[in-house]
Amino acid sequence: MSSSQCFENPPSLSSTCGAGSVEELAGLKTYVTGRSDSKRALLFIADAFGYEAPKLRKLADKVASAGFLVVVPDFYYGDPVIDVSHPNFDVEAWLKLHSPDKGYEDAKPVIAALKSKGVSAIGAAGFCWGGMVLVKLAGTEDIQAAVILHPGRMTEDEIKAVKIPTAILGAENDHIFSAAELKKLGEIMSAKTEIESYVKIFPGVRHGWSVRYNDDDESAIKSAEEAQGDMLNWFSKHVK
């Protein structure tokens, strides 16, 4: 996820935005929204800007209104990407400290904590860096469904290992994954006839469009809302 597109349109982070609240879950600060007694939960795994991004929290609130408990943990432990233009920022050092492998390990106790609260079905959405974490989770049966949006780098072996219904929503203009590369991943998944999967490429958008769109661009908003709707439909179908 070292492409410059990963850091375009950075959000203005806010610790107080959103209709939910920040709680501790499995030792992580977590934005929690939706019905606390819901048996269906969704785990959102943020891009490099982390769990205080207003549009990500807005999306969590929107999805929660469909009856889900939605949790957005701070997998970066208070160290999201804030200013990539700062001369002291080293993306490779940041990625070494916050590797997708570590994110995967941190996600497992979050899932266990949700189940201990009585949740019986869990889906997960991963954005960019979060997609690299989520593809690893999708290779287990700890969750019931996955939606990967404008993913960071994933391998064909990771896609071959997917065991749960998985959708990949990609951008036509993406420096990390071209449309052709994403379609190839879709072909690999579709060969696994025992699970439902699909890849959808959104025309005219760039990496990150689903949660980092420009508020004054009607076309960008429409594309983001379409992707968000596709995500919610996937979870409504597979997380029961």
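It should be emphasised that the depicted structure is a prediction, and the values quoted were computed from it without experimental measurement. (Residues numbered from 1 in each chain as written. Predicted model: local features only at pLDDT ≥ 70, side-chain atom pairs only at ≥ 80, totals over all residues. Heavy atoms only, no water.)

**Concerning the UniProt feature "domain: Dienelactone hydrolase" (unreviewed entry) in the protein chain**
Move 1: Mapped onto the present numbering, the UniProt feature "domain: Dienelactone hydrolase" (unreviewed entry) falls on residues 29-238.
Move 2: Counting secondary structure, residues 29-238 comes out at 39% helix and 22% strand; the distance between its end C-alpha atoms is 27 Å. (UniProt positions renumbered as here; feature names shortened; annotations may be inferred. Helix = DSSP H or I, 4+ residues; strand = E, 2+ residues; numbered from the N terminus.)

**Let's talk about the environment of Cys 6**
Move 1: Within the element layout of this structure, Cys 6 appears in the segment before β1 (21-25).
Move 2: The sequence separation of Cys 6 and Cys 128 amounts to 122 residues, and the corresponding C-alpha distance is 7.2 Å.

**What about the packing of helix α1 (residues 54-64) against helix α7 (residues 218-238)?**
Move 1: For the pair α1 and α7, the least separation of the axes is 11 Å and the interaxial angle reads 45 degrees. When the axes of α1 and α7 are compared, the pair comes out oblique. Viewed along their axes, α1 and α7 form a crossing whose handedness is right-handed. Counted together, Leu 59, Lys 62 and Val 63 of α1 and Glu 225, Gln 228, Met 231 and Leu 232 of α7 form the full contact between these two elements.
Move 2: Classifying every residue of the contact of α1 with α7 by side-chain character gives four nonpolar, one polar and two charged. (Axes fitted to C-alpha atoms, helices over the stretch in contact; angles between N-to-C directions. Parallel < 35°, antiparallel > 145°, perpendicular 65-115°, else oblique. Left-handed = near helix turned anticlockwise from the far one by under 90°. Contact = heavy atoms within 4.5 Å. Nonpolar A, V, L, I, M, F, W, Y, C, P; charged D, E, K, R; others polar.)

**Re helix α3 (residues 100-116)**
At 3.6 residues per turn, the α-helix brings residues three or four places apart onto the same side.
Move 1: In a regular helix each residue adds 1.5 Å, so 17 residues correspond to 24 Å; α3 covers 25 Å between its end C-alpha atoms and thus fits that length.
Move 2: Buried within α3 are the following residues: Pro 100, Gly 103, Tyr 104, Asp 106, Ala 107, Val 110, Ile 111, Ala 113 and Leu 114.
Move 3: As for α3, its buried residues are in contact with β1, β2 (28-34), β3 (40-45), β4 (69-73), β5 (121-127) and α4 (129-137).
Move 4: Gly 118 sits one or two residues past α3 and shows a positive phi near 100 degrees. (Expected span 1.5 Å × (residues − 1). Buried < 20%, exposed > 50% of the residue type's maximum accessible area, 1.4 Å probe, protein only.)

**A look at the pairing of strand β6 (residues 145-149)**
Move 1: Within β6, five of the five residues are buried, which leaves the element mostly enclosed by the surrounding structure.
Move 2: By the alternation rule, side chains of β6 split into Ala 145, Val 147 and Leu 149 and Ala 146 and Ile 148, which are all buried.
Move 3: Here β5 pairs with β6 via five bridges, running parallel. Counted as the bridge partner of Gly 123 is Ala 145 from β6.
Move 4: For the crossover that starts at β5, traverses α4 and ends in the parallel β6, the hand is right-handed. (Pairing = 2+ DSSP bridges. Right-handed = clockwise from strand over helix to strand, strands pointing away.)

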